[in-house]
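Structural description and commentary
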Amino acid sequence: MPDVTFRTIDGGEITVAEAEVQALGAGFSGRLLSAADDDYDESRAIWNAMIDRWPVLIARCADADDVAAALALAARHRLLVSVRGGGHNIAGNAVCDGGLMISLEDMNGVEVDAETRTARVGPGATLGDFDAAVQAHGLTTPAGINSTTGIAGFTLGGGFGWLSRRYGMTIDNLLSADVILPSGRRVRASAEDEPDLFWAIRGGGGNFGVVSSFEFRLYPVGPEILAGLIVHPGDDAGDFLRFYRKFAPTLGDDTSAWVVLRQAPPLPFLPEEWHGRNVVVVPAFHGGDMAEGERALQPLRDFGSPIADVIGPTPYVDWQQAFDPLLTPGARNYWKSHDFLELSDGFLDAFVSAAGRLPTPECELFLAQVGGEMGRIAPDATAYPNRDVNYIMNVHARWQDPAVDDECVRWARELFDATAPHATGSAYVNFMPEDETDAVQRAYGDHFARLAALKARYDPDNLLRMNQNIAPAVE
């Protein structure tokens, strides 16, 4: 490989000598890829097809030593650097233009200790990798709802899912993490070791270092749980949501019901005449005793005249993959999100109105019920501060044709603006698109100043800036 010219974090360019790049490669257990390599395009592709960037070099790391060597090269020359875990984040920060991409996707191992109920997880693992390994022992921890999501970015941004009402967020169950700092120092962050760093990475994203391994607490769940979908006609969305507003707060921590407004996909249990028509999809979940779950969900099943009700005993790993066909990589995606304490009439009216103007068949409005144990953690226990939130909205614009980019983005932004007066003003960083960097301070609220001070301690040059960035505090 000849001399290589990179973009720098200062916006300039620097040429790294061939000998230095070769030295990196000689000690590398993984692979160094350039645009000349056959699998370069595959390695730079991420979940959101709106992001199309070309790193000069991709360091596909095999272990922590590879990560440290690649990060050292970036720090030495102040190279623009991005870090890829699962590559699923909506903002697309996993890949950079003209810089060095550190790819962790091959570091995807999951080691389970069933006796201590813990798991050691590589930063390239997906939720699917994690679920398969831990459910072999009838164990898991709160995680997301799409198996192709990467465990690293998901965790560092907070992480919530079906089990969060019972066991808290993913970060609430992170016991330790091995972190490689931009200085080259390797540390273990936990409640006992580097506690400030441990606080920061639980919600503060990839701002402080590159995590080479996560350790999670596990709980006995499954292998079967009670879950499934109820589907109502889209015309009933207003009535259903007003019922839901009263019903959801009655649920115990083992149970949650979410709401999705979209056009009906061709699911085998839906009558064909409903395919492509507006519907209300209600994913419901109960992780505890089946009989208790049946009782808890009965009022939901009794409401209205649903098109379909397919709630029943389901393998947990299957439920975790149930929405994968609607969230496959390669589509164009744009999200906007708000947090809510309650569902006001004004919010519900705007939500239902936007569902009547879906710009493509793949667009959807998503409302997640959270709270429970997630809300009982002290707000200052982790960098993620928004513990009083009961519902999280994600406006998920999704489409295939670049010609409708403007229409889809405008639709998402219009609903975001219409619902803002009814929201808390806080935000969830994992749902922020590329153009919403001005909302980072809003996401962290009173925690932002502490995070900026810790950024100045652990990454004073802001080398790790391809993220929902927290700039170092200036004294």
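Now for a look at the structure at hand. (Residues numbered from 1 in each chain as written. Predicted model: local features only at pLDDT ≥ 70, side-chain atom pairs only at ≥ 80, totals over all residues. Heavy atoms only, no water.)

The subject of this paragraph is the pattern of salt bridges. Should their charged atoms come close, side chains of opposite charge can pair. Going through the model one piece at a time under the given rule, you end up with 33 salt bridges. Between R166 and D254 there is a salt bridge; the shortest N-O distance is 2.9 Å. Within this pair, whereas R166 is found in helix α6 (residues 164–167), its partner D254 is found in the loop between α8 (237–247) and β15 (255–257), the two being separated by 88 residues in sequence. R166 sits in the partly exposed class, given a relative accessible area of 33%. We note a salt bridge from D178 to R188, for which the minimum N-O separation is 2.8 Å. Here R188 lies in strand β11 (residues 186–190) and D178 lies in strand β10 (residues 174–180), a separation of 10 residues in the sequence. Bridged by salt links that share partners, the residues R60, R84, E105 and D106 form one connected network. (Salt bridge = Lys/Arg side-chain N within 4 Å of Asp/Glu carboxyl O. Helix = DSSP H or I, 4+ residues; strand = E, 2+ residues; numbered from the N terminus. Buried < 20%, exposed > 50% of the residue type's maximum accessible area, 1.4 Å probe, protein only.)

A few words now on the sheet that holds strand β7 (residues 110–113). Two orientations exist for strands paired in a sheet by backbone hydrogen bonds: parallel and antiparallel. Taken in spatial order, the five strands of this open sheet run β7-β8-β12-β10-β11, and their pairing is antiparallel. The open sheet has two edge strands with one neighbour each: β7 and β11. Going from strand to strand, the sheet's axes swing by 15° on average, the running direction of each strand aside. The pairing of β10 with β11 spans five bridges and is antiparallel. Across the sheet, I180 pairs through a bridge with R186, a residue of β11. Packing of helix α3 (residues 64–77) onto the sheet brings it into contact with β10, β11 and β12 (210–217), and relative to β10 it is tilted by some 50°. Its contacts with the sheet place helix α4 (residues 127–135) against β7, β8 (118–121) and β12, and it is angled at close to 30° to β7. (Pairing = 2+ DSSP bridges. Axes fitted to C-alpha atoms, helices over the stretch in contact; angles between N-to-C directions. Contact = heavy atoms within 4.5 Å.)

Where α8 meets helix α11 (residues 345–355), the axes come as close as 10 Å, and the angle between the chain directions of the two elements is 145°. Note that α8 runs across α11; the crossing there is right-handed. Across from A237, G238, L241, R242 and R245 in α8, the residues of α11 making contact are D345, L348, D349, F351 and V352. Taken together, the residues that form the contact of α8 with α11 break down as five nonpolar, one polar and four charged. (Left-handed = near helix turned anticlockwise from the far one by under 90°. Nonpolar A, V, L, I, M, F, W, Y, C, P; charged D, E, K, R; others polar.)

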